[in-house]
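Coordinates in review
So you can see what is in the structure, the chains are spelled out below.
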Amino acid sequence: MAEIQIRNVAKTFGTYQALHSIDLTIADQEFMVLLGASGCGKTTLLRIIAGLETPSVGEVWIGGRRVDHLPPRERGIAMVFQNYAVFPHLTVFENVAFGLRMAKLDDRLVRERVERTAGLMHIEALLQRYSGQLSGGQRQRVAVARALAMEPDVILMDEPLSNLDALLRLEMRAELKGVLEASNTTTIYVTHDQVEAMSLADRISVMHQGRIVQAAEPVEVYRNPAAHFVGSFIGNPPMNFITARNQGDGKWQVAGQQFTGPSVASETLEFAIRPEDLSLAETGLQANVRVVEPLGAHILVTCDVEGSLFRAVIDSNSRVKAGDVLHIAPEPDRIRWFDPETTLAVA
Amino acid sequence: MKHRFFQGYLYPSYTNSVVTKFNSPEAVVAWEKFRELWQYTNPGSTNFSFMQEQLLSEDVWVAFDHTARLAEAFNQRPDDFIAFPAPSGPTGRGFMPVIAGIAIPRTAPDMDGSKELIAYMMKPETQLATLRATSFFPVVDVDLPDDMPPAVQISGAAIAKMSGSADANPGLLPSGLGDEGGKFNQVYVDTFERIVLAGHDIEAVLEDQAGTLRRIMEETGAPCWAPDLPSEGACPVD
Amino acid sequence: MDNRTLPYLLLLPATLFLCVFFLYPFALVAWQAFTNEAGFTLEHFRTMADHWKFPIAFWNTMLLALAVVPVQVVLSITMAMMVTRMQRGRDIMLYIWTIPLGISDLAAGIIWLAIFEQTGFLNSMLYGLGVIEQPTNFLSYQNTWVIFIAIALAEIWRATAIMLVILVAGLGLIPKEYDEAAEVFGASRWQRLWKVTLPLLRPSLQTALILRVILAFEVFAVVAALGGTSLPVLMGETYNYQFELQDGHVAAALALVILAISIAFTLFFLRVLRVPKGAQI
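Because the structure is predicted, anything quoted here is derived from the model rather than measured.

Before going further, it helps to spend a moment on the overall build of chain A. Within chain A, the secondary structure is distributed over 8 helices and 20 strands. Dimensions along the principal axes, computed over C-alpha positions, put chain A at roughly 75 × 45 × 35 Å. Counting every position in chain A, which comprises 347 residues, the buried fraction comes to 52%. Long-range contacts, defined here as pairs at least 24 residues apart, represent 63% of the contacts in chain A between residues at least 6 apart. Accessible surface computed for chain A: about 15,600 Å², of which carbon and sulfur atoms make up 47%. Of the side-chain charges in chain A, 33 are positive and 42 negative, and the distance between the mean point of each set is 6 Å.

Take the nonpolar core next. Among the nonpolar cores identified, the biggest contains 136 residues, and Ile6, Ile62, Phe98, Ile123 and Leu156 of chain A are the most heavily contacted of them. Among the elements that make up this core, the one with the highest residue count is helix α9 (residues 189-217) of chain C (12 residues). Apart from the residues lying within four places of it in its own chain, the contact partners of Ile6 of chain A are Ile22, Asp23, Leu24, Ile26, Leu45, Ile49 and Glu59 of chain A. Of all hydrophobic cores here, the second largest spans 39 residues; its members include Tyr11, Phe22, Phe95 and Tyr188 of chain B.

Bringing helix α6 (residues 124-134) of chain B into the picture now. Every buried residue of α6 of chain B is listed here: Thr126, Gln127, Leu128 and Leu131 of chain B. Tucked into the core, α6 of chain B has its buried residues touching α5 (111-122) and α7 (150-163) of chain B.

Let's shift gears to the interface of chain C and chain B. Taken together, the contact pairs 20 residues of chain C with 18 residues of chain B. Taken together, both faces of the contact between chain C and chain B bury some 1,500 Å²; the carbon and sulfur share is 48%. Summed over the three residues of chain C that lose the most area to chain B, namely Trp52, Tyr141 and Leu245 of chain C, the buried surface amounts to 45% of that side. Here chain C is connected to chain B by 2 salt bridges.

The next subject is the packing of aromatic side chains. Across all of its chains, the model carries 40 aromatic pairs over all chains by this definition. Judged by centre distance (6.2 Å) and plane angle (40°), the rings of Phe87 of chain A and Tyr178 of chain C are tilted. Of the two residues, Phe87 of chain A is situated in the loop between β6 (77-80) and α2 (92-102) and Tyr178 of chain C in helix α8 (residues 176-184); the pairing between them involves two chains. Each member of the pair, Phe87 of chain A together with Tyr178 of chain C, is buried. For the pair Phe5 of chain B and Tyr9 of chain B, a centre-to-centre distance of 6.2 Å together with 5° between the ring planes defines the contact as stacked. Residue Phe5 of chain B and its partner Tyr9 of chain B are both found in helix α1 (residues 2-15); the two are separated by 4 residues, about one turn of the helix. Judged by its relative accessible area of 15%, Tyr9 of chain B falls in the buried class. The ring of Tyr222 of chain A is capped by Arg274 of chain A, whose NZ or CZ atom sits 3.9 Å from the centre of that ring.

Residues and elements named next belong to chain A. Per the domain assignment, the segments of chain A are domain 1 (4-233) and domain 2 (240-338). Using only C-alpha atoms to locate each centre, domain 1 and domain 2 end up separated by 39 Å. For the pair domain 1 and domain 2, the summed buried surface comes to about 770 Å²; carbon and sulfur atoms form 46% of the total. Where domain 1 touches domain 2, the interface holds 0 salt bridges. The interface formed by domain 1 and domain 2 holds 5 residue pairs in polar contact (both at pLDDT 80 or more) in total. Those elements that provide at least two residues to the side of domain 1 that touches domain 2 are α7 (218-223) and α8 (228-233). Split into classes, the residues belonging to the side of domain 1 that touches domain 2 amount to 5 nonpolar, 4 polar and 1 charged.

Conventions we followed
- Residues numbered from 1 in each chain as written.
- Chains lettered and ligands numbered in written order.
- Predicted model: local features only at pLDDT ≥ 70, side-chain atom pairs only at ≥ 80, totals over all residues.
- Heavy atoms only, no water.
- Helix = DSSP H or I, 4+ residues; strand = E, 2+ residues; numbered from the N terminus.
- Buried < 20%, exposed > 50% of the residue type's maximum accessible area, 1.4 Å probe, protein only.
- Contact = heavy atoms within 4.5 Å.
- Areas by Shrake-Rupley, 256 points an atom, 1.4 Å probe, with all protein chains shown as cover.
- Lys, Arg positive; Asp, Glu negative; His and termini not counted.
- Charge placed at Lys NZ, Arg CZ, Asp CG, Glu CD.
- Core = buried A, V, L, I, M, F, W, Y, C linked by side-chain atoms within 4.5 Å.
- Buried area = accessible area lost by both parts, 1.4 Å probe.
- Salt bridge = Lys/Arg side-chain N within 4 Å of Asp/Glu carboxyl O.
- Phe/Tyr/Trp six-rings, centres within 6.5 Å; stacked < 30°, edge-to-face > 60°.
- Lys NZ or Arg CZ within 6 Å of the ring centre and 35° of its normal.
- Domains from an automatic or database assignment.
- Polar contact = N/O pair within 3.5 Å; in protein donor to acceptor, adjacent residues only side chain to side chain.
- Nonpolar A, V, L, I, M, F, W, Y, C, P; charged D, E, K, R; others polar.

See below:
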C-alpha cells in the first residue's frame, strides 16, 4: 500500500523558484505521469519524491509515512534514470542485484529475484555482460529490471524512453505498461512526450512553470483542458483559440458568428476548439486556407480566421486547396471557453 | 672532510700509515678510541659540512675542518674562538699539509704565457691576496703582514705550532689514484659509518674494507705516500 | 597529403625525440651496466649488491614508498571528493592545494629541514611551549625513524597534489547519476564510495598510482636534504656511485634496478586496477 501525498511542496534554487506550492495525491498502484516542457519542474518534483533533492518547504508522504527528511533508501522507492545509470563496472546480473545486495538479502533469494525480473524484461541472455556491451534498449531493460527486482512500493521514472529511437520507444512503451500493471506498484513517470503520457497514464499531471495546471485522466485532460496551456500543449496539432466578444445572455460573437457560451460578465473570453472537432459546412467561421497537408486518412488544413491561426482536420475526400475560402463549423458541445486574464477554463 | 680526518690525522697518529696498516692491531685501537670519542660529538654532525656554520650557531664548540671552512667563524667572532693544533697519538701528531705542484702540458699552445701566469701566481702578493680572500695559506715562503684577517692570524698561529711541534707527522694527500680517488675516500667513510654509526665489529669491518682498499690500490698501481714507506709498485695493504 | 601517412608523420617528431633522448640513453645505460673491458659481465651488479649499504638503501626506498603512497591515496581521494563537492571557491581551493607541486623537491626538502633541524621551527615551538628543556636534534643518525617520518611528511606534503589533480579530473568524468542510482538503491555513503565511486575511478587511480609510485622509487633530493647520508636510498646511492665514486657502471646497474622495480609496480597496478572490456564508463 503506497499512496503518495505531496503537500504544499515548493523548491527554490537560489533566486529561481522551480516549484510553487505543489499539492498532489497519487493513489496506491496508480500510474501517474508528470507531463510538461523542459524546465517546468517535473524532474525536480520527481527528485524530491525520490529524496535526491530536499523541498524548500512542504511535506512528502509515502504509504502514510512522512519521508521528506529520510534518505532515498528509507523511502521504499526504486528509480529508473533518464540515462539509465547502469553501473558500467558491474555485470548486468550485479546491476539488477545491486539494491538486493545493499538490502543484504541472501544469495539464493538474490539469484531468484534477479532471474525472475530478468525473465520479465527479457534480458536473461545478457546477465553476464557489461553495460558497455549493451545497446541503448538493452540498457533500458536492465535499468527497469533493477528497479523491479526491488519489488518496491513506488517506482519513479525520469524520462526513461527519451534516449531510445522512435520504433524502440513504441515497443518499450507497451512493454513497460504491461510489466508495471502486473507489478502492483505506484508509478510516477516523468515525460515531455504527450503521446507517451496519454498511452501510459492512469492520470496525467500537466506541469507548467513550476505549477501543476491539471491533474486528471488522459481523456479528461484532452477533452476538457483546465487551462489555455493544457489545451495548447496537449494534442497534435494543438487546440485552436480565438477571441470571443460578449453579446449578453450567454451569447458570444466569434468572427461574425454567434455561439452559446457561459453566462459571465467579462467583455471577452477565449473560444477554443480542437482541430478534429471542426468540419466543412455551408455556414460557419469563414477561413482563408493557407496550407493543405494530406495525412492519409485526414487532411490537415491550416487557415486564417479573422487574423487567428486555425487548424482543422477534415475528411480526406474534401477537395480543398490553398487560397480557398471555406466555412468551418465547430461541434457545439466540444467548444471550450477560457478566461483571458486567468487563462483558466470557464464553464 | 671526515675522510681527510681519517687519512691524514687518525691513521698517521695511531699507525704511522694510511694504507699499509689499514687493517692492523694499531688501527683497531685507533677506531676504538674514535668510537669512544664519538659519543661526545653532536649527533647531527654526520650532516655538517662547513663547520663555521655550526660554530657560529653554537651547535658545536669544538670542530675539525679545513682552515678555509672555518674562516667565517674567526672573522665574525675573533674573540670567541681559538684555533689549536691537531692532537697527537701513539705515533705522533698526524696532520695533512697540502703540497701543490704546477705543471704545463708539453702541448700547451702558449708556453710563454703559461709560464708568465705561473710566475704571477707564485708572487708573494698574489699568494697573500689569495690568503686574504680564501684562507688558503701561501705555498711559497712569505712573511705574513700584520693586517691579515682574524681567520688567517688565528689559524696561521695554530698551523705554525702544529708543523713546528717535535712529534709532527705530516701525511700527504692521496696521490696516483686517478679516477678512483672517490672510491678510496669511500673506504674510509664506509669504515667510519659501519664501525661508529652502525656499531659493527671493528675487526670484521677492517678486514672487509681492507679487501676493497687492496683492490683499489692494485687496480691503480698507486705507490705509497707519506707517512707510509715508499713502495715498489702498488702500495700494499697488510 | 595522403590521409594515411599524415598521422605517422605527425607522430614522427615525438617518436624521434623519444628514440634519441630515451631509448638511446637507455641502451647506453644498459650497456654500461652489463659490460666491462672484457665484455659481458655481472660484476657491476655484484659490486652493487655486495656493498653494505645496498640492502639498507633498497629497503629504505621500499618502505618509504610503502609508507607514503597509501597515505597519499587516501588523502588525495578525500581531497578530490571534497573539491568536487564544493559549490563555490572550487578552483581557488584546488590552486592552493596544488601549490607544493610548483616547488622543486630539493626546495621542499629544505623547507622541511627548516622545520625539523635543531635550530628549526619545531624546536623553537616546542621550546617556547615549554615541552622541551633545550633544542634537540631530531634528524640524527641515532633515530633514523624520525628522519624517515620527516621525509615521509615532506613527500606527502609535496607530491599528494599530483594525484589530487588526476583524481579530480577522473571524478569529473563520472556522471552524477551513478552515485544517485546507488543512493536510491540503498547504498550508504561508504558503500557508494567502495562499490561505485572507487571502481569507476579505477582508470584515474591507476594513472595516479603508477605515476606516484615511480616517483616514490626515484626519491632523492628530499632525502638528501633531510637525511644526508643517514638514510640511504637507491637514487642517492646511484648519484653517489656516478659522481662521488666515479663509477658509471655500478651507477648504471643501480639505475636498472630502480627501472626494474618501477616496471614491476607499473605492471602490478595495470593488472590489479584493470577495467574489463566493456566495463568502461
